[in-house]
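Secondary and tertiary structure notes
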4 protein chains.
Amino acid sequence: MSKQQAFTEEVQLQGHIIDSLLLPRAFELIMDRGGEFEILTIHVGKRKDETSLAKMQVSAPSAELLREILDELQALGAELMRAEDVETEPAPRDGALPPDFYSTTNLPTEVRLGGEWVAVDGTEMDLAVVVDQPAGRACTRPMARVRKGEAVAVRHSGIRVLPLERARGGEIFSFMNSAVSSEKPKKLVIREVAREMHAIHQRGGKILLVAGPAILHSGAGPHLASLVRDGFVDVLFGGNALAVHDVEAALYGTSLGVNLGNGLPVEGGHRHHMRAINVIRTAGSLKEAVEQGILTEGVMFEAITRGITMVLGGSVRDDGPLPDVLTDVIEAQERMREALQGVELALMISTMLHSIATGNLLPASVRTVAVDINPAVVTKLADRGSWQTVGLVTDAELFLRELVLSLENTDAE
Amino acid sequence: MSKQQAFTEEVQLQGHIIDSLLLPRAFELIMDRGGEFEILTIHVGKRKDETSLAKMQVSAPSAELLREILDELQALGAELMRAEDVETEPAPRDGALPPDFYSTTNLPTEVRLGGEWVAVDGTEMDLAVVVDQPAGRACTRPMARVRKGEAVAVRHSGIRVLPLERARGGEIFSFMNSAVSSEKPKKLVIREVAREMHAIHQRGGKILLVAGPAILHSGAGPHLASLVRDGFVDVLFGGNALAVHDVEAALYGTSLGVNLGNGLPVEGGHRHHMRAINVIRTAGSLKEAVEQGILTEGVMFEAITRGITMVLGGSVRDDGPLPDVLTDVIEAQERMREALQGVELALMISTMLHSIATGNLLPASVRTVAVDINPAVVTKLADRGSWQTVGLVTDAELFLRELVLSLENTDAE
Amino acid sequence: MSKQQAFTEEVQLQGHIIDSLLLPRAFELIMDRGGEFEILTIHVGKRKDETSLAKMQVSAPSAELLREILDELQALGAELMRAEDVETEPAPRDGALPPDFYSTTNLPTEVRLGGEWVAVDGTEMDLAVVVDQPAGRACTRPMARVRKGEAVAVRHSGIRVLPLERARGGEIFSFMNSAVSSEKPKKLVIREVAREMHAIHQRGGKILLVAGPAILHSGAGPHLASLVRDGFVDVLFGGNALAVHDVEAALYGTSLGVNLGNGLPVEGGHRHHMRAINVIRTAGSLKEAVEQGILTEGVMFEAITRGITMVLGGSVRDDGPLPDVLTDVIEAQERMREALQGVELALMISTMLHSIATGNLLPASVRTVAVDINPAVVTKLADRGSWQTVGLVTDAELFLRELVLSLENTDAE
Amino acid sequence: MSKQQAFTEEVQLQGHIIDSLLLPRAFELIMDRGGEFEILTIHVGKRKDETSLAKMQVSAPSAELLREILDELQALGAELMRAEDVETEPAPRDGALPPDFYSTTNLPTEVRLGGEWVAVDGTEMDLAVVVDQPAGRACTRPMARVRKGEAVAVRHSGIRVLPLERARGGEIFSFMNSAVSSEKPKKLVIREVAREMHAIHQRGGKILLVAGPAILHSGAGPHLASLVRDGFVDVLFGGNALAVHDVEAALYGTSLGVNLGNGLPVEGGHRHHMRAINVIRTAGSLKEAVEQGILTEGVMFEAITRGITMVLGGSVRDDGPLPDVLTDVIEAQERMREALQGVELALMISTMLHSIATGNLLPASVRTVAVDINPAVVTKLADRGSWQTVGLVTDAELFLRELVLSLENTDAE
């Protein structure tokens with residue numbers, strides 16, 4: 001097979017590459033992809049505070065495969081040893097990219113311009129990098145928003161990413177990563193999440209909540225509302241159903257036909273659903289309903305009263321929808337992207353659609369807690385290739401109750 | 001408790017109400033809701049071809065509850081014995097309804113105008129009924145499209161629905177209803193579905209396919225494409241991901257990084273995904289990509305080549321998206337609503353979002369087959385209160401393979 | 001088709017058959033099975049306190065089918081109108097029954113002996129009824145324990161069951177039956193369960209807990225232990241793993257390698273598992289380990305200290321096992337059967353194997369709460385054809401925490 | 001923190017330790033467990049056919065933790081550099097081990113006796129190693145079968161395991177390991193499994209099938225029977241329900257009340273279940289039922305007719321059970337252990353209980369295919385720490401149909 005590995009490139013990794021497992025991951029990756037490597041030099045730091053350096057020659061049987069391996073190695077922080085500037089090609093038309101465009105990861109990225117490494121503005125995966133050569137600047141850009149003729153980074157020369165440092169010492173966001181399980185002690189994890197939220201809140205950081213309507217069905221609306229009221233939510237993402245169920249609970253005390261006060265099914269629940277939408281449409285919007293004194297409690301009420309940033313993204317299954325819902329999904333994405341600036345922790349509860357949408361927009365460095373009773377959802381959300389995601393297979397209602405209790409206790413500490 | 005049941009109304013049911021279980025269901029419903037009933041007269045047809053008649057007085061402890069019980073009884077086909085015309089009130093503003101609006105079921109509905117029962121045009125649940133008194137007509141209308149001042153049916157007088165007749169004799173769409181199971185013989189069910197599809201196809205009826213992207217991941221794209229090519233799909237609903245995965249498979253032979261030919265993970269799969277989007281955006285649209293000879297196989301190719309009706313609805317998690325995707329979800333709903341006219345069978349495979357969206361728009365009379373490997377999804381889709389839904393917890397790839405084989409065999413019969 | 005319905009039998013139902021939905025269920029059943037019915041007389045009680053009476057002729061195209069329909073009707077409380085004594089045939093050999101044996105339901109049953117209806121001793125499904133004609137007595141008996149020559153009830157004459165009365169007025173054990181859902185408010189259900197447990201405990205009734213090992217993994221062992229310590233568990237069923245994980249937690253503070261104190265994975269967890277088994281085997285038994293002061297806390301410690309009835313049934317996947325585990329499954333069943341006498345409420349948490357085993361042994365009248373995070377398990381457990389089962393799809397850890405809190409609050413009321 | 005790492009030990013790894021990822025795994029493990037390492041020497045083979053050698057000093061803050069890290073490193077193939085013989089202590093009583101007993105992995109193990117490395121007889125995890133010093137031999141032994149006074153290996157000196165070589169080049173049993181998914185192309189995986197089965201069958205190797213009763217419910221019994229008849233199953237493991245459902249299908253054409261011929265629910269199915277058990281109990285056993293011409297088709301018939309090894313293990317939820325079921329679970333384990341000798345491939349379909357039981361007994365080197373529609377089950381089964389397990393989330397019925405077709409095609413090649 002060796003004879004076929006005709007395409008080669010030299011790369012180097014340096015830093016805490018053994019300690020942080022980057023070198024082992026590089027080995028594994030090359031072999032998994034069907035490539036080979038030959039180690040040219042390896043200097044292993046013998047003590048914890050010494051960095052290591054490895055240079056190796058990577059080879060693959062085709063140029064395409066080699067390129068893909070190099071792409072992946074770059075995502076781990078490897079640098080090509082032939083130092084060249086980033087290459088660009090002009091976008092062929094509005095909203096389209098040159099065929100060989102570089103597609104970003106969710107890690108901080110740098111491009112080499114005139115021999116200097118320059119940070120690319122904006123960290124989000126699957127975007128293009130638009131380079132402003134004269135200004136010596138570069139930024140990420142969604143494909144749909146690239147204009148014809150803009151200089152788009154292509155191939156992989158002159159591009160590098162800055163891998164996340166791995167958390168040490170049993171940090172919860174480290175060890176939970178692979179432990180998406182319904183059989184682990186959740187009380188402890190929830191306590192950690194509460195501490196993290198408290199710390200971020202104390203230092204004025206931003207917390208994002210992505211919430212699904214099942215939270216309201218399960219009677220956990222008051223917990224959610226109290227999180228918002230107590231200032232633990234700075235940005236709220238959801239859909240039409242979240243808002244409608246919340247309004248229904250506030251107006252009629254029900255959620256899709258279940259009386260939230262005594263747990264008994266009330267007839268006409270579905271009717272309440274449509275009526276709740278109608279009340280808000282008649283008022284004009286959620287904000288107007290609050291101002292008119294129609295909506296006086298619940299998650300939407302608290303969010304509007306506190307003036308937090310809220311994005312309600314539409315979906316094809318929406319009833320109504322409420323006037324506050326962004327029915328254009330690309331506009332909703334854009335608003336979510338803006339709202340994410342500065343977010344340090346994302347709590348995603350009981351919604352696959354909005355959580356995946358959010359995950360697509362988040363830098364890898366944002367800590368993420370994904371909660372769902374369905375293991376498949378949690379697996380999908382938690383599998384983002386970073387040590388920053390905690391997946392919890394649990395009951396959203398009981399999770400939120402415990403979280404609110406933990407936050408109160410953390411407060412008291 | 002009896003003293004509290006102060007609010008009463010007399011209703012009657014007639015027809016094959018014992019045979020079709022409508023009477024028992026009415027009893028059950030009243031009791032479940034906390035109401036009571038007294039049977040005034042009951043005439044039971046003793047032979048199969050005799051119809052029965054039951055009159056009863058329904059009572060409830062509150063006017064609201066009585067009204068809700070009557071709403072539900074109406075959905076079973078009960079008629080109020082005091083015959084009155086439908087009541088209407090004007091819509092208070094564009095896109096909003098009078099507070100007491102009647103919300104439709106997914107059954108054929110009639111309103112009483114000038115003493116005559118008139119069919120309401122359009123069968124879809126959760127809509128308003130707009131009445132044109134002078135013209136003696138009425139039609140369903142989404143809340144968002146009602147204009148200020150239009151006469152909207154309110155409360156429940158003068159409204160009745162026509163319940164579905166229950167299929168007899170072990171018909172598959174009857175017995176499978178409550179049998180959403182992964183432990184039943186699927187081969188037989190699939191054979192029945194194939195026969196139904198074949199019969200509809202032969203008589204020029206329309207078949208709708210609602211398809212999720214997992215079908216493509218699992219390598220079942222060719223089966224889907226062959227269904228379209230052989231004319232068994234007249235309308236296709238899906239999202240951006242369905243189309244993108246299909247294009248990726250057509251252009252690169254992969255789906256999110258898995259080579260569909262040998263099952264091995266190919267590196268750069270995620271890149272292929274973005275590249276596929278870019279190729280279509282560069283071409284202008286899926287149709288243009290077909291015309292330019294770029295897209296030469298797959299589900300999209302077949303659908304465009306055959307000119308079937310296709311609606312790709314956007315979602316907030318879309319990458320790109322493809323130019324063919326309707327990014328405004330309300331516009332997408334409207335297009336889906338139009339495309340559903342005349343559909344006799346809906347096949348919903350591996351997509352909760354688009355299947356629920358479609359289910360919201362479908363009359364109860366359209367036979368529906370919901371397929372997913374996740375039992376929770378199937379339960380949700382199959383639970384539409386009619387005998388017309390078959391839920392199958394199974395593997396979409398293997399289901400489609402078997403369906404294509406069954407259709408071939410049915411052809412040969 | 002009517003001509004084929006050559007086999008007929010007359011049956012009657014009486015009592016609150018409309019009110020309790022027995023008549024509708026009878027109609028539904030006959031039709032679902034492919035039989036037909038002709039109503040001979042129907043007298044409907046017009047007020048709530050009047051009973052109703054219906055006589056009908058049931059027909060089916062084969063004797064076998066008719067017999068099966070009659071079996072099912074009997075399970076609803078229908079009586080054959082030709083009054084005959086129960087028929088018996090001798091068992092052909094030890095542990096085997098005559099071919100036409102009557103197989104019990106989980107409802108109280110009576111047989112007609114010398115013209116008198118006699119209660120059958122023991123209520124458990126799928127058993128034989130052994131009749132002692134001279135003594136005028138009958139009892140249920142597992143097939144394996146019937147001796148050659150004993151008189152076993154056969155066919156369906158002279159046998160009737162006493163259906164459960166349906167609970168009214170929104171009682172939790174009534175309305176939850178069909179509502180196996182992860183989207184309903186659990187807090188309320190848990191409160192109801194706590195009240196029921198408290199009431200049973202107060203009146204000296206017996207509560208059964210069937211517990212799976214996942215409870216221990218999830219750190220909820222202390223909640224379980226406190227339930228036992230506070231006297232809310234009179235009978236405990238589980239397997240080897242439950243006891244081993246509990247012992248591991250008590251001895252080492254871990255469960256399968258996870259430190260239950262700080263949530264971090266501890267190395268050697270699997271080793272702890274085997275070591276825990278070895279410690280108990282070395283001590284001789286769980287009881288001896290308690291007496292020797294080796295085991296000083298946990299569920300097993302509390303159960304042994306309080307002297308409650310405990311059955312640990314073996315399974316082929318057991319490690320060790322502990323000396324206290326009954327490795328013969330039929331012996332385990334027998335011990336479970338004895339221990340169930342007098343149990344009024346069964347709490348089944350996070351174990352499909354032991355819960356199904358228990359469900360097989362329980363009379364329908366025992367209220368059952370089935371808790372699991374996997375909806376498929378809850379559906380299977382809750383589907384026992386009675387109104388006495390509440391299924392909860394939720395997190396066992398958080399459920400138990402909430403239950404303990406609710407019991408404390410109930411106490412304080 | 002470094003000062004606390006007071007306990008140290010030197011270890012070495014050699015061979016294809018980079019190529020096979022053993023070195024990276026060792027790094028990861030030490031760090032995950034809270035230990036540290038210092039690399040003393042590292043020689044990296046630069047070409048594929050050169051082996052590498054790494055020596056390092058491993059340290060940990062406690063003797064216990066160090067010991068656990070070393071245990072884990074040993075499981076990867078690391079050797080302690082101070083070469084000592086295995087230590088033993090006598091078993092304290094029948095069925096119990098010395099407290100520090102060495103607990104086996106599922107990898108081939110060697111102990112050092114008189115300076116020589118000697119293979120330990122029998123490969124199975126969680127067993128003790130009993131050493132016969134005079135004879136220079138050692139063997140694995142279940143805890144329960146160790147007799148008082150036997151010399152049991154303790155701690156970790158003088159013990160090493162031989163890690164599995166990692167398969168290369170896109171081998172299906174390599175890449176599928178982490179790819180337990182319902183969204184991957186199954187057709188290709190099934191083809192590979194068929195090829196593997198065919199190859200093993202051709203060379204006279206042994207194939208084990210572990211089968212759950214759901215296979216029969218789903219109408220896939222004939223596929224299973226054909227696998228047995230065509231010689232692709234040498235050993236069959238299952239439980240009472242598997243055999244009972246198979247007998248029910250053979251005698252009555254039903255499975256728990258579903259007619260397997262037309263898919264319609266037949267009444268009296270549950271009765272058929274008990275009757276089927278009774279028929280076999282009356283005949284004496286499955287074998288006698290075959291000999292008496294009562295049982296003439298199905299999986300049990302084929303298995304008995306071909307004389308393959310079959311172990312039916314009992315469980316507490318068994319009805320009956322059939323006389324052929326081993327009601328003592330420890331005896332069942334012992335029989336399974338014997339039957340596993342020489343098995344090269346294990347197919348586990350739709351049974352968690354028996355699959356986990358089997359997995360506990362299997363050496364890591366036996367290739368395993370785990371099939372279930374429930375992802376949680378597949379995850380649990382596939383997570384056995386080797387590259388030898390393929391997990392498939394799919395429909396067992398359609399899987400078996402496809403497998404039988406693939407085997408026929410493989411035959412024809």
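Just so we're clear, the structure is a prediction, and the values are computed from it rather than from any experiment. (Residues numbered from 1 in each chain as written. Chains lettered and ligands numbered in written order. Predicted model: local features only at pLDDT ≥ 70, side-chain atom pairs only at ≥ 80, totals over all residues. Heavy atoms only, no water.)

1. Things to note about the sheet that holds strand E2 (residues 36-43) of chain C
Residue and element names in this part refer to chain C. Taken together, four strands build an open sheet; the order of strands is E2-E3-E1-E4 and the sheet is antiparallel. Edge positions in the sheet fall to E2 and strand E4 (79-80), since each of these pairs with one other strand and no more. Two strands pair when backbone bridges link them, and E2 and strand E3 (residues 52-60) are joined in this way by seven bridges, in the antiparallel orientation. Within E3, the residue paired with Ile39 across the bridge is Met56. (Pairing = 2+ DSSP bridges. Helix = DSSP H or I, 4+ residues; strand = E, 2+ residues; numbered from the N terminus.)

2. A closer look at the relation of the copies chain C and chain D
Superposing chain C onto chain D requires a rotation of 180° together with a translation of 0.0 Å along the rotation axis, leaving an RMSD of 0.1 Å. Taken together, the rotation and translation describe the operation of a two-fold axis. Identified as the residue of chain C closest to the rotation axis by C-alpha distance is Asp328 of chain C, at 2.0 Å. When the interface residues of chain C are mapped onto chain D, 100% of them are again interface residues, pointing to one common binding face. (Least-squares fit on C-alpha atoms with pLDDT ≥ 70 in both. Contact = heavy atoms within 4.5 Å.)

3. Digging into the packing of helix H7 (residues 240-252) of chain C against helix H10 (residues 299-306) of chain C
Residue and element names in this part refer to chain C. Remark: H7 packs on H10, axes separated minimally by 8 Å, with the N-to-C direction vectors making an angle of 105°. Taken together, the axis directions place H7 and H10 in an arrangement best described as roughly perpendicular. Between H7 and H10, the residues in contact are Leu242, Ala243 and Asp246 and Val299, Met300 and Phe301, respectively. Each residue belonging to the contact of H7 with H10 can be placed in one class, and the counts come to five nonpolar, no polar and one charged. (Axes fitted to C-alpha atoms, helices over the stretch in contact; angles between N-to-C directions. Parallel < 35°, antiparallel > 145°, perpendicular 65-115°, else oblique. Nonpolar A, V, L, I, M, F, W, Y, C, P; charged D, E, K, R; others polar.)

4. Focus on the packing of helix H11 (residues 329-339) of chain B against helix H12 (residues 352-361) of chain B
All names here are of chain B. Between H11 and H12, the shortest axis-to-axis distance is 10 Å and the interhelical angle comes to 60°. Taken together, H11 and H12 sit at an angle that is classed as oblique. The two elements H11 and H12 meet at a crossing, and its hand is right-handed. Touching Gln333, Met336 and Arg337 of H11 are His354, Ala357, Thr358 and Leu361, all from H12. Residue composition of the contact of H11 with H12, grouped by class: three nonpolar, three polar and one charged. (Left-handed = near helix turned anticlockwise from the far one by under 90°.)

5. Structural notes on the interface of chain C and chain D
Across the contact, 56 residues belong to chain C and 56 residues belong to chain D. Summing both sides of the interface, chain C and chain D together bury roughly 4,800 Å²; the carbon and sulfur share of this comes to 53%. Applying the counting criterion to the chain C and chain D interface returns zero salt bridges. Taken together, the links from chain C to chain D amount to 18 residue pairs in polar contact (both at pLDDT 80 or more). At the level of secondary structure, the elements contributing two or more residues to the side of chain C that touches chain D comprise helix H2 (63-76), helix H8 (269-283), helix H11 (329-339) and helix H12 (352-361) of chain C. Broken down by element, the residue count for the side of chain C that touches chain D peaks at 10 residues, all from H8 of chain C. Per-class residue counts for the side of chain C that touches chain D are 22 nonpolar, 17 polar and 17 charged. (Buried area = accessible area lost by both parts, 1.4 Å probe. Salt bridge = Lys/Arg side-chain N within 4 Å of Asp/Glu carboxyl O. Polar contact = N/O pair within 3.5 Å; in protein donor to acceptor, adjacent residues only side chain to side chain.)

6. A look at the sheet that holds strand E16 (residues 309-313) of chain C
Residues and elements named next belong to chain C. On the basis of which strands lie adjacent, the open sheet formed by six strands has the order E16-E13-E12-E17-E18-E19 and parallel pairing. The open sheet has two free edges, formed respectively by E16 and strand E19 (389-393), since each of these has just one partner strand. Shown here is a sheet whose adjacent strand axes are inclined to one another by a mean of 15°, direction ignored. Here H12 sits on the sheet in contact with strand E12 (206-211), strand E13 (235-239), E16 and strand E17 (343-349), set at roughly 145° to E12.

7. Notes on the packing of aromatic side chains
For the coordinates displayed, the defined rule picks out four aromatic pairs over all chains. For the pair Phe27 of chain A and Phe37 of chain A, a centre-to-centre distance of 4.8 Å together with 5° between the ring planes defines the contact as stacked. Taken together, the residues span a long stretch of sequence, with Phe27 of chain A in helix H1 (residues 22-32) and Phe37 of chain A in strand E2 (residues 36-43) at a distance of 10 residues. Its relative accessible area of 4% is what places Phe27 of chain A among the buried residues. Taking relative accessible area as the criterion, Phe37 of chain A reaches 17% and is therefore assigned buried. Directly above the aromatic system of Phe101 of chain A lies the positively charged group of Arg271 of chain B, at a separation of 5.4 Å from the ring centroid. (Phe/Tyr/Trp six-rings, centres within 6.5 Å; stacked < 30°, edge-to-face > 60°. Buried < 20%, exposed > 50% of the residue type's maximum accessible area, 1.4 Å probe, protein only. Lys NZ or Arg CZ within 6 Å of the ring centre and 35° of its normal.)

8. Considering the pattern of salt bridges
The tally for this structure, following the rule as stated, stands at 84 salt bridges over all chains. Here Arg155 of chain D ties to Asp100 of chain D by a salt bridge, and the two come within 3.0 Å at their closest N and O atoms. Note that Arg155 of chain D is positioned in the loop between strand E10 (151-154) and strand E11 (159-161) and Asp100 of chain D in the loop between strand E5 (87-90) and strand E6 (109-113), a separation of 55 residues in sequence. Linked through salt bridges whose partners overlap, the residues forming this network are Arg67, Asp71, Glu87, Glu89, Asp100 and Arg155 of chain A.

9. A look at the confidence of the model for chain A
All names here are of chain A. For chain A, per-residue confidence averages 86 on the pLDDT scale, and 87% of positions sit at 70 or higher. Counted against residues more than four places away or in other chains, residues 174-180, with its pLDDT under 50, gives 21 contacts. With pTM at 0.83, the complex prediction returns an ipTM value of 0.85. (pLDDT = per-residue confidence, 0-100.)

10. Concerning the interface of chain B and chain A
Opposite the 56 residues of chain B that make contact, chain A presents 56 residues. With both sides pooled, the region where chain B packs onto chain A buries about 4,800 Å², and carbon together with sulfur makes up 53% of that total. For the interface between chain B and chain A, the tally reads 18 residue pairs in polar contact (both at pLDDT 80 or more). For the side of chain B that touches chain A, the secondary-structure elements that each account for two or more residues are helix H2 (63-76), helix H8 (269-283), H11 and H12 of chain B. Of the residues forming the side of chain B that touches chain A, the biggest block, 10 residues, is contributed by H8 of chain B. Grouping the constituent residues of the side of chain B that touches chain A by class yields 22 nonpolar, 17 polar and 17 charged.

11. Quick notes on helix H11 (residues 329-339) of chain D
Looking only at H11 of chain D, the buried set comprises Val329, Ala332, Gln333, Met336, Arg337 and Ala339 of chain D. Projected down its long axis, H11 of chain D shows its buried positions confined to an angular sector of 165°, all on one face. (Arc of directions from axis to C-beta.)

12. Concerning the nonpolar core
Ranked by size, the top nonpolar core spans 63 residues in total, and within it Met197, Leu227, Leu286 and Leu403 of chain B carry the most contacts. Excluding residues within four positions of it along the chain, Met197 of chain B makes contact with Ile207, Leu227, Phe232, Leu345, Leu347, Leu403 and Leu407 of chain B. (Core = buried A, V, L, I, M, F, W, Y, C linked by side-chain atoms within 4.5 Å.)

13. Some words on unusual backbone geometry
Generally, phi is negative for residues other than glycine and the peptide bonds are trans, each holding for most cases. Omega for the peptide link from Gly320 of chain B to Pro321 of chain B comes to -15°, which places this bond in the cis form. With respect to the element layout, Pro321 of chain B can be found in the loop between strand E16 (309-313) and H11. Of note, Ser350 of chain C is a non-glycine position whose phi angle comes to about 60°, a positive value. Among the structural elements, Ser350 of chain C can be located in the loop between E17 and H12.

14. Digging into helix H13 (residues 375-382) of chain C
All names here are of chain C. Turning to H13, its buried residues number three or more, namely Val377, Val378, Leu381 and Ala382. Viewed end-on, H13 has its buried residues packed into an arc of 120°, placing them on one side of the element. Against H12, strand E18 (367-372) and E19 lie the buried residues of H13.

15. Remarks on the environment of Gln133 of chain A
Residue and element names in this part refer to chain A. Inspection of the secondary structure puts Gln133 in the loop between strand E8 (128-132) and strand E9 (137-141). With 20 residues separating them along the chain, Gln133 and Leu113 place their C-alpha atoms 7.1 Å apart. Not counting the four nearest positions on each side in its chain, Gln133 is found in contact with Asp85 and Leu113.

16. Overview of the side chain of His272 of chain C
Assignment of secondary structure puts His272 of chain C in helix H8. Of the polar contacts made by the side chain of His272 of chain C, one reaches the side chain of Thr254 of chain C; its length is 2.9 Å.

17. What about the environment of Val161 of chain A?
All names here are of chain A. Relative to the helices and strands, Val161 resides in strand E11 (residues 159-161). Remark: the alpha-carbon pair of Val161 and Ala75, spanning 86 residues in sequence, is separated by 5.7 Å. Residues contacting Val161, with those up to four places away along its chain left out, are Gln74, Ala75, Leu76, Gly77, Tyr102, Thr105, Leu107, Pro108 and Thr109.

18. A few points about the environment of Val131 of chain C
All names here are of chain C. Note that Val131 resides in strand E8 (residues 128-132). Considering only alpha carbons, one finds Val131 and Val120, 11 residues apart in sequence, at a separation of 8.7 Å. Contact partners of Val131, with chain neighbours within four places excluded, come to Thr88, Leu113, Arg137, Ala138, Ala151 and Ala153.

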